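Survey of secondary and tertiary structure
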Amino acid sequence: EIHKKYLEAGTDIIETNTFNGNSISQNDYLMEDEVYNINYQSAKIAKNLCIEYTEKNPNKPRFVAGAVGPTNKTLSLSPDVDNPMFRSITWDELVISYKEQINALIDGGIDIILIETIFDTLNAKAAIYATYEILTHKNLDLPIFISGTITDASGRTLSGQLTEAFYVSIFHCNPFCVGLNCALGADILLPYIKRLSNIASCYVHAYPNAGLPNTMGEYDETPIVMSQKISEYIQGRHVNIIGGCCGTTPEH
């Protein structure tokens, strides 16, 4: 029903409901054994609807992006303040987890692999590595979207990279599109999108939040207000693809 609402509103790309659909995150719920099914079925539901809406209007094809989130562990930072060398996850463990998720998403019929909301570029590199392992094994070529997250007004990711450094760290994977999402509203995110647009040799996307959350953790920015801010992205030719993250609705 959620997918339908966005498709009815005119979206070109919908995401699978798989942001936390990896074994590392699902370990919190003792649901690691359900990871393949979660991703496969989520992809299948979204893909079937995209096929349905594309058949209704062949001039407006719809696509499914398989959402690959960052997990709840980080390779770059220690969660133990008394031991900077400690890591709660290894590279190999991340790669195995990502491969399981990405394999199921592809089996479910996704059109795009979206490695998103990246707060740790090393995690993203593990996801990229896993993606190419799976694509090579399946003899497939799917577009890869890479989407980082600026965590605060410093303009850095959580693992400490500025926008330019983030791009340099991931462009080797030849992404179809690179961009930023989440954490910030459209107005605050715009300067970083401009910097990315100035250096990127691929397409650029942005899907900001509906402003910043209020004291109750909810988002108050209306579709009209957000669209006014988004218009600067379009008029300035800073992006090729635009969307919405936290707090955005089909109306947005």
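First, a word on scope: everything that follows refers to the structure included in this document. (Residues numbered from 1 in each chain as written. Predicted model: local features only at pLDDT ≥ 70, side-chain atom pairs only at ≥ 80, totals over all residues. Heavy atoms only, no water.)

The next point concerns the packing of aromatic side chains. Two aromatic rings, taken as a pair, are described by how far apart their centres are and by the angle between their planes. Going through the model one piece at a time under the given rule, you end up with 5 aromatic pairs. Seen in terms of ring centroids, Tyr-36 and Tyr-40 are 5.9 Å apart; in terms of plane orientation they differ by 10°. Their pairing is stacked. Of this pair, Tyr-36 and Tyr-40 both sit in helix 3 (residues 35-56), 4 residues apart, which is roughly one turn of the helix. Chaining the aromatic ring pairs together yields one cluster made of Phe-145, Phe-176 and Tyr-203. The lysine or arginine in question, Lys-56, covers the ring of Tyr-53, its NZ or CZ lying 4.3 Å from the ring centre. (Phe/Tyr/Trp six-rings, centres within 6.5 Å; stacked < 30°, edge-to-face > 60°. Helix = DSSP H or I, 4+ residues; strand = E, 2+ residues; numbered from the N terminus. Lys NZ or Arg CZ within 6 Å of the ring centre and 35° of its normal.)

Most of strand 5 (residues 177-185) is tucked away: 8 of the 9 residues are buried. Since strand 4 (residues 144-148) and strand 5 lie parallel, the crossover through helix 6 (residues 163-170) that links them has a hand, and here it is right-handed. (Buried < 20%, exposed > 50% of the residue type's maximum accessible area, 1.4 Å probe, protein only. Right-handed = clockwise from strand over helix to strand, strands pointing away.)

The next subject is the side chain of Thr-117. Here Thr-117 shows up in strand 3 (residues 112-118). Residue classification places Thr-117 among the buried residues on the basis of a relative accessible area of 12%. A polar atom in the side chain of Thr-117 sits 3.0 Å from the side chain of Asn-181. Among residues more than four places away in sequence, those in contact with Thr-117 are Phe-19, Pro-70, Ser-147, Thr-149, Asn-181 and Cys-182. (Polar contact = N/O pair within 3.5 Å; in protein donor to acceptor, adjacent residues only side chain to side chain. Contact = heavy atoms within 4.5 Å.)

Attention now goes to unusual backbone geometry. The general pattern is negative phi for most residues beyond glycine and trans for most peptide bonds. The phi dihedral of Leu-30 is positive, around 55°, even though this residue is not glycine. In this fold, Leu-30 is placed in the loop between helix 2 (23-26) and helix 3. The phi dihedral of Asn-174 falls on the positive side, at around 55°, and the residue is not glycine. Looking at the secondary structure, you find Asn-174 in the loop between helix 6 and strand 5.

Turning our attention to the sheet that holds strand 1 (residues 13-15). The parallel open sheet is built from 7 strands, whose spatial order is 1-2-3-4-5-6-7. Where the open sheet ends on each side, the last strands, each with one partner, are strand 1 and strand 7 (241-242). (Pairing = 2+ DSSP bridges.)

Counting 55 residues, the largest nonpolar core has Ile-113, Ile-115, Ile-146, Val-178 and Tyr-233 as the members making the most contacts within it. Ranked by residue count, the leading element in this core is helix 5 (residues 121-138), at 7 residues. The contact partners of Val-178, leaving out residues within four places of it in the chain, are Ile-146, Phe-166, Tyr-167, Ile-170, Leu-196, Ala-200, Cys-202, Tyr-203, Val-204 and His-205. Residues Ile-112, Cys-177, Cys-182 and Tyr-207 belong to the second largest nonpolar core, which totals 8 residues. (Core = buried A, V, L, I, M, F, W, Y, C linked by side-chain atoms within 4.5 Å.)

The final tally for this structure, using the stated rule, is 9 salt bridges. For Asp-12, the salt bridge identified is with Lys-60, shortest N-O distance 2.7 Å. Placement of Asp-12 in the loop between helix 1 (2-9) and strand 1 and of Lys-60 in the loop between helix 3 and strand 2 (63-68) is noted, with a sequence separation of 48 residues between them. Here Asp-12 falls in the partly exposed class, since its relative accessible area comes to 40%. Lys-60 sits in the partly exposed class, given a relative accessible area of 23%. Here Asp-187 makes a salt bridge to Lys-229, at a shortest N to O gap of 3.3 Å. Pair noted here: Asp-187 is in helix 7 (residues 186-199) and Lys-229 is in helix 8 (residues 223-235), with a separation of 42 residues, a long-range link. (Salt bridge = Lys/Arg side-chain N within 4 Å of Asp/Glu carboxyl O.)

Turning to the state of the cysteines, a few remarks are in order. Within this structure, the stated rule accounts for 0 disulfides. Cysteine Cys-50 is unpaired, with the sulfur of Cys-177 as its nearest cysteine sulfur at 17 Å. Here Cys-182 stays free of any disulfide, with the sulfur of Cys-246 as its closest cysteine sulfur at 3.6 Å. Under the relative-accessibility criterion, Cys-182 is labelled buried at 15%. (Disulfide = S-S within 2.5 Å.)

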